[in-house]
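What the coordinates show
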Amino acid sequence: RRVLLLGEGNFSFAAALCGAQGTHVVATCYESEEEAAGRGGAARSIRRLRDSGAEVVFSVDCTKLKEHFLPGKREFDRIYFNFPHCGRKAGVVKNRQLLARFFHSCAEVLAQEGEVHVALCNGQGGTPADQPRREWHNSWQIVAVAAGAGFILSDVHPFKAENIDGYKCTGYRSQDKSFCVEGALNHIFTRSTAPLCFTPVSCETQLRSQKVSFQVPQVLVDKINRGFLEVNSSHPVRTIKEKLSAGLSQAFPLQNISSCLPLLHQGHPHGLCHSNIFWVTLSPGEAPSTEKTSQGLADAVLLSHSGQDTDKNVQEGCPLPKQFYLRPSLLPHAQAIIKKRAFSPGTLQVLSGPVFRKCRITPHSMPVFHEMLMVLVVSRGTENSCIQMLVDNIKTTMNSLHQGVPGVKPSISLQEATSFGTELNDFAAFEWQLGEIQHFLCVGTDPDPSGSCVGFIRTAPDELKSCELVVVSASLNLDLLAMLLCGISDWRMLWTWDRRFLRQFPEGQLRLFKSFSLYPPSYVHDVSFWVPDGEEFDEVAFHTLARRVSGEMVVSIQLRDNFQQPGTGRRSLCYRVTFQSCDRALGCGEAAEMQLRFREEIQQHLGVTLR
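A short tour of the structure in this document, coming up. Bear in mind that the values here come from a model prediction, so they are computed numbers and not experimental data.

Quick look at the overall build of the chain
- The helix and strand tally for the chain stands at 14 helices and 25 strands.
- By residue count, 53% of the 611 residues in the chain fall in the buried class.
- Residue pairs at least 24 apart in sequence account for 73% of intrachain contacts in the chain once pairs closer than 6 positions are excluded.
- For the chain, the exposed surface amounts to about 28,100 Å²; the carbon and sulfur share of it is 49%.

Structure, rendered in structure tokens:
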């Protein structure tokens, strides 16, 4: 591998590396050869480097690396810059500017999967790894500075100078003096994935004899058709689903019917708030730029809630109704199976697939997640024992799963719906709209053993209109289960395009997730506006616009002020919007541009007047 060392003072660090097998060292410094050789021990280190076949280059500006190396010799696997400094008594602002230009220069000479190592004195970096940690404005803000050039902090560990044979730190304030290396940290940066391109995407599906297409809501463009549950997937969501299915098949005859579930529903969703629905419009024929829906969706027909036979209309050439919506739940599909009596009593019907819901922005609220729905028709009077058997089986499977994830000890509990009172999150509140819930299924992990709601259990004694049979259904949020079992703190990480995520789960193994983007910078912006007179402000639509404009880069939206003007009665709202990415570089300039676009969008689409 090719290793580039910058800002070498006496070349003692480079000399310690030059003997490593399979490593070609290119050691540089900013000074001329004459100036560098005058430092204590430098001449000896330079001779050692040259004798070992390393390159030694002088007068190299770390902010203009492209100019110093020919095109064929620019790809370095590692770049080291130990204790960078502008020289003399330069302040934090100048040193930030140096780092910013340095990282931009690195982007031009670093291999695609290369690393940039920057060693800083304790406190300079401004990350939680510094102990003690400086105030943000008094630090070098290295993670935010690197983000501006497309780099993320992937690791940080102590810089142990005493373990480097012959190393002597020098260059403090441009003198032959040592920096204070006690508590120093080595920051390791890697390239971030490129920003997503949000070009419009149309999906094509078949309604009997006619092809139709619909434009995917922009907030879902990067999430539609990802195939996490398909056979060749190693995503932890699929692993959990397969393990649960295998465990349940030990206790019940099991039928998997997930391959024929329609993606679209038609009509008016009973009991659901329309602001939580992703509405789409179908158009006949093939769209100019279409993406076929994944297997299991391409031949799906629409599920109608209005009693209208959509397939018949298409077959007879009737005009297509204009409004449809992406399925918010798999429960209507189960109800359709029950209604047609296409079931065998005692057989567990398992349905799974992605569902789509508009919701507020929180770390655990997802506009799309994978639902696993289990439906069981049992004899009246046995439903409670069947529920307990179902829960016990899920507990056993989850306990076996966590054994492969060291450090995670989940506890699974079944809680009565009445014990939750009125404190329901968006996920639970939406499920309640679909029908009364008897039990919540909760999973607790250290340090929060109280549990997060990951599923629900319902009984529908009247659905079959039978005196002898009762329908029991259990719904699980597979994405939330994956987060809890693998220690993933942000749902967005499940949908990352960065390959480093799936590399941590080879062949469907569950492991404790280690983030490849540490201490991502956050940028806070406030927005205040007058609400249109006489109108109820749609906060879900406000959050959905933030998701769309930022490409899911908004991590938090908090209401800061709700003001009513005396005399006129006009109402003003002020929200604090926090931009932060969990998996890619986000610079302050990019966040500021998102905020400006967000202000324009809410004015245009929500009819508010900016203040």
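Section: the sheet that holds strand 4 (residues 76-82)
- Strand order in the open sheet formed by seven strands is 3-2-1-4-5-7-6, with mixed pairing between adjacent strands. Single-partner strands in this sheet number two, and they are strand 3 (55-57) and strand 6 (151-158). Here the strands of the sheet are splayed against their neighbours by 20° on average, with no regard to which way each runs.
- Inspection of the sheet shows strand 1 (residues 2-6) paired to strand 4 by four bridges, in the parallel sense. Bridging from a neighbouring strand, Leu5 pairs with Tyr80 of strand 4.
- Relative to strand 5 (residues 110-120), helix 4 (residues 92-106) is tilted by about 155°, and along the sheet it contacts strand 1, strand 4, strand 5, strand 6 and strand 7 (185-191).

Structural notes on the pattern of salt bridges
- On inspection of all chains with the given rule, the structure shows 13 salt bridges.
- Its salt-bridge partner being Lys241, residue Glu242 comes within 3.4 Å of it at the nearest N-O pair.
- Residue Lys241 is classed as buried on the basis of its relative accessible area of 6%.
- Among the charged side chains, a salt-bridge network with shared partners connects Asp222, Lys223, Arg547 and Glu552.

Quick notes on the pairing of strand 17 (residues 368-379)
- The buried count for strand 17 comes to 11 of 12 residues, which makes it a mostly enclosed element.
- Sheet topology places strand 16 (residues 348-356) next to strand 17; eight bridges connect them, and they run antiparallel. Bridge pairing in strand 17 links Leu351 to Leu373.

Some remarks on the sheet that holds strand 25 (residues 609-610)
- On the basis of which strands lie adjacent, the open sheet formed by four strands has the order 23-24-22-25 and antiparallel pairing. The open sheet is flanked by strand 23 (554-564) and strand 25, the only strands paired with a single partner.
- The pairing of strand 23 with strand 24 (residues 571-579) spans nine bridges and is classified as antiparallel. Counterpart to Val554 in the pairing with strand 24 is Phe579.
- Along the sheet, helix 13 (residues 539-550) makes contact with strand 22 (523-530), strand 23 and strand 24, crossing strand 23 at roughly 140°.
- Along the sheet, helix 14 (residues 588-606) contacts strand 22, strand 24 and strand 25; its crossing angle with strand 22, the most-contacted strand, is approximately 15°.

As for the nonpolar core
- Judged by nonpolar contacts, the single largest core of 91 residues is most densely connected at Phe214, Ile240, Leu244, Leu326 and Leu481.
- Tallying contributions element by element places strand 17 first for this core, with nine residues.
- For Phe214, the contacting residues outside a window of four places in its chain are Val201, Ser202, Cys203, Leu263, Leu264, Val280, Thr281, Leu282 and Leu326.
- Leu6, Ile79, Leu98 and Val118 belong to the second-largest nonpolar core, a separate cluster that totals 30 residues.

Overview of the pairing of strand 15 (residues 323-326)
- Bridging between strand 11 (residues 264-266) and strand 15 involves three bridges; their strand directions are antiparallel. In the strand pairing of strand 15, Gln266 is matched with Phe324.
- Pairing analysis gives three bridges linking strand 12 (residues 279-284) to strand 15, with the strands arranged antiparallel. Paired with Thr281 across the two strands is Gln323, which belongs to strand 15.

Comments concerning the environment of Leu4
- With respect to the secondary-structure elements, Leu4 resides in strand 1.
- Residue class for Leu4 comes out buried when judged on its relative accessible area of 0%.
- For the pair Leu4 and Tyr80, spaced 76 residues apart in the sequence, the C-alpha separation amounts to 6.2 Å.
- Those residues in contact with Leu4, other than ones at most four positions away along the chain, are Val26, Thr28, Leu65, Phe69, Phe76, Arg78, Ile79 and Tyr80.

What to know about unusual backbone geometry
- Cis geometry marks the peptide bond from Gln131 to Pro132; its omega dihedral reads 0°.
- With respect to the helices, strands and loops of the structure, Pro132 is situated in the loop between strand 5 and helix 5 (142-147).
- The phi dihedral of Ser59 falls on the positive side, at around 60°, and the residue is not glycine.

Looking at the packing of aromatic side chains
- Applying the stated criterion across every chain yields a total of 25 aromatic pairs.
- A centroid spacing of 5.4 Å and a plane angle of 65° characterise the contact between Phe440 and Phe456, whose relative ring orientation is edge-to-face. One end of the pair, Phe440, is in strand 19 (residues 439-445); the other, Phe456, is in strand 20 (residues 448-460), with 16 residues separating them in the sequence.
- According to the relative accessible area criterion, Phe440 is buried, its value standing at 0%.
- Taking the centre distance of 5.3 Å and the plane angle of 45° together, the rings of Phe529 and Phe537 count as tilted.
- For Phe529, a relative accessible area of 0% gives the class buried.
- Grouping aromatic residues by their ring pairs yields a cluster made of Phe13, Tyr80, Phe83, Phe159 and Tyr167.
- Just above the ring of Trp497 sits the side chain of Arg226; from NZ or CZ to the centre is 3.7 Å.

Details of the side chain of Ser473
- Among the secondary structure elements, Ser473 is positioned in strand 21 (residues 469-477).
- Residues contacting Ser473, with those up to four places away along its chain left out, are Leu331, Leu373, Met374, Val375, Phe456, Ile457 and Arg458.

A closer look at the packing of helix 6 (residues 236-248) against helix 11 (residues 478-486)
- Orientation of helix 6 relative to helix 11, taken along the N-to-C sense of each, is 100°, at an axis distance of 9 Å. Relative to helix 11, helix 6 is oriented roughly perpendicular. Along its contact with helix 6, which presents Pro236, Val237, Ile240, Lys241 and Leu244, the element helix 11 presents Leu478, Asp479, Leu481, Ala482, Leu485 and Cys486.
- In terms of residue class, the contact of helix 6 with helix 11 is made up of nine nonpolar, no polar and two charged.

Observations regarding helix 9 (residues 383-402)
- Across its 20 residues, helix 9 extends 29 Å between first and last C-alpha, which sits within 8% of the 28 Å expected from 1.5 Å per residue.
- For helix 9, the set of buried residues is Glu383, Cys386, Ile387, Leu390, Val391, Asn393, Ile394, Thr397, Met398, Leu401 and His402. Along helix 9, the residues classed as buried sweep out an arc of 165° about the axis, all on the same side. Every exposed residue of helix 9 that faces more than 90 degrees away from the buried side is listed here: Asn384 and Thr396.

Observations regarding the packing of helix 13 against helix 14
- Between helix 13 and helix 14, whose axes approach to 9 Å, the crossing angle comes to 140°. With respect to each other, helix 13 and helix 14 are oriented oblique. Where helix 13 crosses over helix 14, the handedness of that crossing is right-handed. Where helix 13 abuts helix 14, its residues Ala541, Phe542, Leu545, Ala546, Arg548, Val549 and Ser550 lie against Met594, Arg597, Phe598, Glu601, Ile602, His605 and Leu606.
- In the contact of helix 13 with helix 14, the residues fall into nine nonpolar, two polar and three charged.

About the cut-offs
- The numbers attached to residues start from 1 for each chain and follow its sequence in the written order.
- Thresholds applied to this predicted model are a pLDDT of at least 70 for local features of residues and 80 or more for the giving and counting of side-chain atom pairs; totals over whole chains, interfaces and linings are not thresholded and use all residues.
- To get the side-chain values, all heavy atoms of the structure are used, and hydrogens and water are removed first.
- Working definition: helices are DSSP H or I runs of at least four residues, strands are E runs of at least two. Numbering for both runs from the N terminus.
- Relative accessibility thresholds used throughout: buried, under 20% of the residue-type maximum; exposed, over 50%; partly exposed, between the two (1.4 Å probe, protein chains only).
- Whether two residues are in contact is decided by their heavy atoms, any of which lying within 4.5 Å being enough.
- In short, Shrake-Rupley with a 1.4 Å probe defines the accessible areas, and a residue's cover is counted only from the protein chains shown.
- In short, DSSP must find at least two bridges between two strands for them to pair.
- Interaxial angle, 0 to 180 degrees, is taken between N-to-C directions of lines fitted to C-alpha atoms, where a helix line uses only the stretch in contact.
- By convention in these notes, a salt bridge is any Lys or Arg side-chain nitrogen within 4 Å of a carboxyl oxygen on Asp or Glu.
- Here, nonpolar core refers to any group of buried Ala, Val, Leu, Ile, Met, Phe, Trp, Tyr and Cys residues whose side-chain atoms link them within 4.5 Å.
- Only rings of Phe, Tyr and Trp enter the pairing, Trp through its six-membered ring, and a pair is recorded when the two centres are within 6.5 Å. The plane angle decides the type: under 30 degrees is stacked, over 60 is edge-to-face, the rest tilted.
- Throughout this description, the term charge over a ring refers to an Arg CZ or Lys NZ atom that lies within 6 Å of the ring centre and within 35 degrees of the ring normal.
- In this scheme, roughly parallel covers angles under 35 degrees and roughly antiparallel covers those over 145, while 65 to 115 is roughly perpendicular and the rest are oblique.
- Note on residue categories: nonpolar means Ala, Val, Leu, Ile, Met, Phe, Trp, Tyr, Cys or Pro, charged means Asp, Glu, Lys or Arg, and polar means any other residue, Gly included.
- One fewer than the residue count of a helix, multiplied by 1.5 Å, yields its expected span.
- By construction, the arc corresponds to the directions joining the helix axis to the C-beta atoms.
- Crossing handedness is defined as follows: a turn of the near helix away from the far one that is anticlockwise and smaller than a right angle gives a left-handed crossing, while the clockwise case is right-handed.

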